[in-house]
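One-letter residues, chain by chain:
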Amino acid sequence: MAFNCHQRDDDIDEEDETPSKLPRCKKEMPGYFDNEPQNEAAAGRATPERLASNSTARHRKDSVKKTRPPFPWFGMDIGGTLVKLVYFEPKDITAEEEQEEVENLKSIRRFLTSNTAYGTTGIRDVHLELQDLTLCGRTGNLHFIRFPTHDLPAFLQMGRNKHFSSLHTTLCATGGGAFKFESDFRTMADLELHKLDELDCLVRGVLYIDSVMSSGPLECYYFEDPTDPDHCAQKPYTLENPYPMLLVNIGSGVSILAVYSENNYKRVTGTSLGGGTFLGLCCLLTGCSTFEEALEMASQGESTRVDKLVRDIYGGDYERFGLPGWAVASSFGNMMSKEKRESVSKEDLARATLVTITNNIGSITRMCALNENIERVVFVGNFLRVNTLSMKLLAYAMDYWSKGQLKALFLRHEGYFGAVGALLELLHPS
Amino acid sequence: MKSQTSAVESEDKFERIGGSSIGGGTFWGLGALLTKTKRFDELLQLASKGQHSSVDMLVKDIYGGSYGYLGLTGDLIASSFGKSATADKEFSKEDMAKSLLHMISNDIGQLACLYAKLHNLSRVYFGGFFIRGHPVTMHTITYSINFFTKGEVQALFLRHEGYLGAIGAFLKGAEEDNPNQYSWGENYAGSSGLMSVSPDMNPMQRARSGTFDMLEMDRLERQLVNLPLLQDPSSYIPDTVDLIEDAQAREYWLYCFEEALDGVVKRAVASQPDIPEAAERAEKFRQKYRHKLQTLRHQPFAYGSLTVRSLLDTREHCLNEFNFPDPYSKIKERENDIALKYYQKAVKSLEELSWEDRQFALVRGVLAGNVFDWGAKAVSEVLESNPEFGFEEAKRRLEERPWLIDSFDQWLERLKGPPHRCALFFVDNSGVDIILGVMPFVRELLSRGTEVVLASNSGPALNDVTNSELQILTERIAAMDPVIESALREDSLTLIQSGSSSPCLDLSRLDKVLAMVVRERQTDLVIIEGMGRAIHTNYYAMLSCESLKMAVIKNSWLADRLGGKLFSVVFKFLPSCVFGHH
């Protein structure tokens, strides 16, 4: 995977956006306080000067800059299983800006952008990076990083080591963890979180990412011919006029939202049978320990050995009610028999778990779509990450049981929308 | 609960609206894999002891508390098995089983709610073999339904859930025999009730039936229907007190029935003096009935709703099972003979009274006659010791007015108006009651020009008069009374079986012929007599025509409950309840 970041020093070819060519004093940049530990004394002395110079520089600041928060720009979503982090890397830093850039900010930027893995469990999804994005008057790349919530203490420790708190930026965070770990952020890393509702952020994030005109692949896609395994193909989809839509967020648990417009949505329902259930049950049944392992096993297994199908009970179709023989009558139904329990493999069990959870989500989603009168369903959440199996199953289930009325849509940035929404709240407070 | 959902519109119109593959098989299959338990009931037992919060990820595990913005409390399950994706810990079988139970019950509950919402239904019935009366399962499902519909949809369970398919198949097979002409009743003696819940609690039952439940149903040769005069048949509940809800009442009645057992056994044996093994059978009856009472003490809902009626009916079924179909048969005969001797004299002295005095005397006569009831604890003791307890004596001892419930003045006023077209009279005891109390009262109605339908039991219960006995009695009375004789002849007095073989009365399960006659004759007055039929049941029943409920309370606990004392009188006359008239 190509590194996407290079030292800013090399290509300063962007025009300085300020109207005058007066050198920018770092003290004039909003939020750039002179607070390196060794310079504390200097800061005390510098203050009166700063105020004076601020007043002369003020006319250069346009309205955007006035409300623009200081770097770094993060959006954070602390979920039940994963922490999703979105980081905006400015690519339009001028030479002066770079010179004045506080050391720890620089080091954070370099650390994040020059690595794709952090510690043992942190990952940057490079393939999801959005380049040349303009946010709040700045241009740069948006990076997508994740690590297990379990490792949040290590993250906090790192934040402490890099003196993140000295940057005095607001850290916008959403997800349950923003509430649960609020005090830990304070005590371990001296950081104050600006807590946001996860669903607000989710909706906001989805709508934003989809609207971004990016040179990369289209954000939204669907599966054509999901009922035909040989010809089932992933196709892009333009989500213009997206409303109303049913947004199904499959994380550790599942939330189902009906979105009517940018500012009008409601949480229809949720279910506790989600990604966490899949992983949890898989671990118990097969001894695996990661999501990737579980998916790998599932891809090798045969769920029909584990499930009891209609044909296992009827010897064929249950014609009276139009139930085909291959439909699952009872998930894990064959496991009531000791013999069958002993004859299935771990892979079969993993597959059956995946199929059961996925189909259940599909069922509930379908019923919600019917009740809310919505035909378009968008599935997001990290359960679907590298999980084509589930995506195709969902596409299939939606299509089949609704006789083609419902369309299942997917978004490339899967589980990051909450974090994006949090970032947006930082930049454009609602 | 296996995996199907159907919407039922009427008895034979239904539609399968959807299903789910997550059901009992999933619970059993996953449960067996996770806990290595082989038996379904064992799995449920494990679940009842587990703590699911060690396995499930709750909202508070993610939020550190509740998710206030959305009103999701901290204890809600956010992700089932969400904590088990770790190699660090072992999880106990009990905890995993509990988690699994929650997962599946909640899921089923949620889907049921989504379907209910789509089809605008407010009641969900759970059938299939998953639940089996296990409180923890029913509780979880009920909770789930309440949660997802905010209390708008009701979860209902069926005691014989697992048998529904089989029963249906049986009935279908019996179709040539036209099963719609029959009605069915549960036989409490043969049914095991909800046994699978606590296999350790009923050693006797266990030894007999092993690990399976039994359901015994009686096919009644005549069809049973609603009384057309019920104001609201869909909301009619016969029973006055719910012994499942009312623990104090339950405590009392279970004790009362247990205490009365000795007397009942003696009576049973005495009714078959020439048969040596009667004593043995009576003992078996005692064991069986006592066992049922004990089961009910621990599991009040084992046979469905628990009421004085069901306790009485269970006793009758058990007596029947051990071949004591009518232990009071000889007593009834004897008392009828004695009472018949007095009949003409009683009628003559009534005729000598003024109209108003006669109305009062007739009512007192019914009430006094009603005191003669072998069912009541207090009276049977007296009757045992003093068989000459006279009718006159009873009248004299009757409570002075005002009675506990006293609408006699309104009744008298009504009688000054036009005669009723037809009166339906549900009678009670044999002997003094029917002959010296009820018959003169009926005679008076007939002489006013009101037709009378006498509804009596189809089968014996305690010393209640049965239809076949009443036929004979009425013939004998007709032989001494021209009024009755001509009424019989002209059909203005008819005797019809009620369809019931109980000391109580369920107005929604009456003989079809009776219902038909009631309609044909445009019945505008219903009279219900006796504690079993007017107090234990139907005390609050609302009818669309005028009604009269008469009884003497012969149980001091019940009298006290109702605010009176032993032998208090209930005389409740209600004008018609049709909307707009009151």
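None of these values were measured; they are calculated from a predicted model. (Residues numbered from 1 in each chain as written. Chains lettered and ligands numbered in written order. Predicted model: local features only at pLDDT ≥ 70, side-chain atom pairs only at ≥ 80, totals over all residues. Heavy atoms only, no water.)

1. Topic: the overall build of chain A
To keep things clear, this is the line we draw: For helices the rule is a DSSP run of H or I covering at least 4 residues; for strands it is a run of E covering at least 2, with both sets numbered from the N terminus onward. Here, two residues are considered to be in contact whenever any of their heavy atoms come within 4.5 Å of each other. For accessible areas, the Shrake-Rupley method is used with a probe of radius 1.4 Å. Any residue's cover is judged against the shown protein chains and nothing else.
Counting its regular elements, chain A contains 15 helices and 17 strands. Restricting the contact set of chain A to residue pairs at least 6 apart, pairs at least 24 apart contribute 68%. Roughly 19000 Å² of accessible area belongs to chain A as shown, and the carbon and sulfur atoms make up 50% of that amount.

2. What to know about the overall build of chain B
Here is the rule we go by: Each residue's exposure class comes from its accessible area (1.4 Å probe, protein chains only) as a fraction of the maximum for that residue type: buried when under 20%, exposed when over 50%, partly exposed otherwise.
Helices and strands together make up the secondary structure of chain B, namely 21 helices and 17 strands. Out of the 582 residues belonging to chain B, those deemed buried represent 56%.

3. Re the domain arrangement of chain B
When the parts come together, some accessible area is lost, and that loss is often what is quoted as the size of the interface. Residue and element names in this part refer to chain B. Heads up, the condition is: An automatic or database domain assignment provides the domain bounds reported here. Summed over both partners, buried area is the accessible surface (1.4 Å probe) that two parts give up on being assembled. Put simply, a salt bridge is a Lys or Arg side-chain nitrogen that is within 4 Å of an Asp or Glu carboxyl oxygen. Any pair of nitrogen or oxygen atoms within 3.5 Å is treated as a polar contact; in protein, a donor-acceptor pairing is required on top of that, and neighbouring residues in sequence qualify only through side-chain atoms on both sides. Three classes are used, and their members are as follows: Ala, Val, Leu, Ile, Met, Phe, Trp, Tyr, Cys and Pro are nonpolar, Asp, Glu, Lys and Arg are charged, and the others, Gly among them, are polar.
Per the domain assignment, the segments making up chain B are domain 1 (2–55 + 91–163), domain 2 (184–224 + 241–321) and domain 3 (329–574). Counting each side, the surface lost to burial between domain 2 and domain 3 is near 1900 Å², with a carbon and sulfur contribution of 54%. When the buried surface of domain 2 facing domain 3 is broken down by residue, Arg-222, Leu-224 and Arg-309 rank first, second and third, together holding 30% of it. The interface formed by domain 2 and domain 3 holds three salt bridges in total. Linking Asp-246 and Arg-561 is a salt bridge whose minimum nitrogen-to-oxygen distance equals 2.7 Å. There are six residue pairs in polar contact (both at pLDDT 80 or more) connecting domain 2 and domain 3. Every element with two or more residues in the side of domain 2 that touches domain 3 is listed here: α8 (247–271) and α10 (308–321). Among the elements that take part in the side of domain 2 that touches domain 3, α8 stands out by supplying seven residues, more than any other. In the side of domain 2 that touches domain 3, the residues fall into seven nonpolar, three polar and seven charged.

4. A closer look at helix α8 (residues 198–211) of chain A
Residues and elements named next belong to chain A. Applied cut-off: A helix is expected to reach a length of 1.5 Å times the quantity of its residues less one.
The first and last C-alpha atoms of α8 sit 20 Å apart over 14 residues, in line with the 20 Å expected at 1.5 Å per residue. Taken together, the buried positions of α8 are occupied by Leu-199, Cys-201, Leu-202, Val-203, Gly-205, Val-206, Leu-207, Tyr-208 and Ile-209. Its side-chain oxygen 3.0 Å from the backbone nitrogen of Leu-199, Asp-197 forms the N-cap of α8.

5. Re the confidence of the model for chain B
Interpreting fine coordinate detail is not advised for predicted regions of low pLDDT. All names here are of chain B. Filter applied, for reference: A residue's pLDDT is the confidence the predictor assigns to it, expressed on a 0 to 100 scale.
Averaged over all residues, the pLDDT of chain B is 86; the fraction at 70 or higher stands at 89%. Counting contacts from residues 196–210, a segment whose pLDDT is below 50, to residues more than four positions away or on other chains yields 25 contacts. For this predicted complex, the interface confidence score (ipTM) comes to 0.79, while the overall pTM stands at 0.70.

6. Overview of the pattern of salt bridges
Residue and element names in this part refer to chain A. A full pass over the atoms with the stated rule returns 47 salt bridges over all chains. Put simply, Glu-97 and Arg-138 hold a salt bridge, and the shortest N to O gap is 3.0 Å. With Glu-97 in helix α3 (residues 95–100) and Arg-138 in strand β6 (residues 138–148), this pair connects stretches of sequence that are 41 residues apart. One exposure class covers both Glu-97 and Arg-138, and it is buried.

7. Remarks on the packing of aromatic side chains
Note the threshold: Any two of the Phe, Tyr and Trp rings considered here, Trp counted by its six-membered ring, make a pair once their centres fall within 6.5 Å; the pair's planes then place it as stacked at under 30 degrees, edge-to-face at over 60, or tilted in between. Either the NZ atom of lysine or the CZ atom of arginine qualifies as a charge over a ring when it sits within 6 Å of the ring centre and within 35 degrees of the ring normal.
In the structure shown here, the tally under the stated rule is 43 aromatic pairs over all chains. When the ring of Phe-278 of chain A is compared with that of Phe-383 of chain A, the centres are 5.7 Å apart and the planes differ by 75°; the resulting orientation is edge-to-face. Remark: Phe-383 of chain A occurs in the loop between β16 (376–380) and α14 (388–401) and Phe-278 of chain A occurs in helix α9 (residues 275–286); sequence separation between them is 105 residues. Here Phe-278 of chain A and Phe-383 of chain A have matching classes, each one buried. Lying over the aromatic face of Tyr-222 of chain A, Lys-407 of chain A brings its terminal NZ or CZ to 4.2 Å of the ring centre. Sitting over the face of the ring of Phe-324 of chain B, Arg-281 of chain B holds its NZ or CZ atom 4.7 Å from the ring centroid.

8. So, the nonpolar core
Inside soluble globular proteins, nonpolar side chains tend to come together where they are buried. Stated formally: Residues belong to a common nonpolar core when they are buried Ala, Val, Leu, Ile, Met, Phe, Trp, Tyr or Cys residues joined through side-chain atoms within 4.5 Å.
If you look at the biggest cluster of nonpolar residues, it comprises 85 residues, and the most contacted ones within it are Ile-250, Phe-278, Phe-332, Phe-379 and Phe-410 of chain A together with Phe-27 and Phe-126 of chain B. When residues of this core are assigned to their parent elements, the largest contribution, 13 residues, is made by helix α4 (residues 93–118) of chain B. When near neighbours in sequence (up to four residues on either side) are disregarded, Phe-410 of chain A contacts Glu-219, Cys-220, Tyr-221, Tyr-222, Phe-223, Phe-379, Leu-384, Met-391, Leu-394 and Ala-395 of chain A. In this structure, Leu-142, Phe-144, Val-203 and Val-212 of chain A belong to the second largest nonpolar core, which totals 76 residues.

9. A closer look at the interface of chain A and chain B
Each partner contributes residues to the interface: chain A has 54 residues there, and chain B has 45 residues. Our count for the chain A to chain B interface comes out at one salt bridge. Note that Glu-372 of chain A is salt-bridged to Lys-117 of chain B, the shortest N-O span being 3.7 Å. Every element with two or more residues in the side of chain A that touches chain B is listed here: α6 (176–180), α8, β13 (264–271), α9, β15 (328–330), α12 (338–343) and α13 (346–372) of chain A.

10. A closer look at the sheet that holds strand β11 (residues 422–426) of chain B
Residue and element names in this part refer to chain B. In plain terms, the rule: For two strands to be treated as a pair, DSSP must find no fewer than two bridges joining them. Only the stretch in contact is used when fitting a helix axis, every axis being a line fitted to C-alpha atoms; angles between N-to-C directions are given from 0 to 180 degrees.
Taken in spatial order, the seven strands line up as β10-β17-β16-β15-β11-β12-β13 in an open sheet, and their pairing is mixed. On the outer flanks of this sheet lie β10 (405–406) and β13 (493–497), each paired with one strand and no other. Of the pairings in the sheet, the one linking strand β12 (residues 451–456) to β13 comprises five bridges and is parallel in character. Note that in β13 the partner of Ala-455 across the bridge is Ile-496. Of the strands in this sheet, β11, β12, β13, β15 (525–529) and β16 (546–553) touch helix α16 (residues 432–447), which is tilted by about 155° from β12. Across the sheet, helix α17 (residues 467–480) is in contact with β12 and β13; its angle to β13 comes to roughly 160°.

11. Description of the packing of α13 of chain A against α4 of chain B
Worth spelling out the cut-off: For classification purposes, angles smaller than 35 degrees are called roughly parallel, those larger than 145 roughly antiparallel, those between 65 and 115 roughly perpendicular, and all remaining angles oblique. Should the near helix be turned counterclockwise from the far one by less than a right angle, the crossing is left-handed, whereas a clockwise turn marks it as right-handed.
In the contact formed by α13 of chain A and α4 of chain B, the axes pass within 9 Å of each other and the chain directions differ by 25°. When the axes of α13 of chain A and α4 of chain B are compared, the pair comes out roughly parallel. When the axes of α13 of chain A and α4 of chain B are compared, the crossing they make is left-handed. Residues Asn-360, Ser-363, Ile-364, Arg-366, Met-367, Cys-368, Leu-370, Asn-371 and Glu-372 of chain A of α13 of chain A form the contact with α4 of chain B, whose participating residues are Asp-107, Gln-110, Leu-111, Leu-114, Tyr-115, Lys-117 and Leu-118 of chain B. Looking at the contact of α13 of chain A with α4 of chain B residue by residue, the class counts come to eight nonpolar, four polar and four charged.

12. What about the packing of helix α1 (residues 24–35) of chain B against α4 of chain B?
Residue and element names in this part refer to chain B. Contact geometry for α1 and α4: axes closest at 10 Å, N-to-C directions at 160°. Between α1 and α4, the angle is such that the two are roughly antiparallel. With respect to the hand of their crossing, α1 and α4 are arranged in right-handed fashion. Contacts between α1 and α4 involve Thr-26, Phe-27, Leu-30, Gly-31, Leu-34 and Thr-35 on the former and, on the latter, Lys-93, Met-96, Ala-97, Leu-100, Leu-101, Met-103 and Ile-104.

13. Considering the pairing of strand β9 (residues 220–224) of chain A
All names here are of chain A. Judged by how many residues are buried, β9 sits mostly within the fold: four of five residues are covered. Both β9 and strand β17 (residues 407–411) contribute to a ladder of two bridges, which runs antiparallel. Within β17, the position partnered with Tyr-221 by the bridge is Phe-410. Strand direction decides the pairing type here: β9 and strand β10 (residues 233–236), joined by four bridges, are antiparallel.

14. Let's talk about the environment of Lys-554 of chain B
Residues and elements named next belong to chain B. Structurally, Lys-554 is set in the loop between β16 and α21 (556–561). Judged by its relative accessible area of 1%, Lys-554 is buried. In this structure, the C-alpha to C-alpha distance between Lys-554 and Ala-260, residues 294 residues apart in sequence, is 14 Å.

15. What to know about the side chain of Gln-359 of chain B
All names here are of chain B. Position of Gln-359 relative to the elements: it lies in helix α12 (residues 355–371). The exposure class assigned to Gln-359 is buried, which follows from its relative accessible area of 4%. The residues contacting Gln-359, other than those within four sequence positions of it, are Phe-408, Leu-412, Leu-415 and Glu-444.

16. Focus: the pairing of strand β17 (residues 568–574) of chain B
All names here are of chain B. Judged by how many residues are buried, β17 sits mostly within the fold: six of seven residues are covered. Note: β10 against β17, two bridges, orientation parallel. In the sheet register, Ile-405 faces β17, and the bridge partner there is Val-570. Pairing between β16 and β17: seven bridges, direction antiparallel. For Ser-547, the partnering residue across the bridge sits in β17 and is Leu-574.

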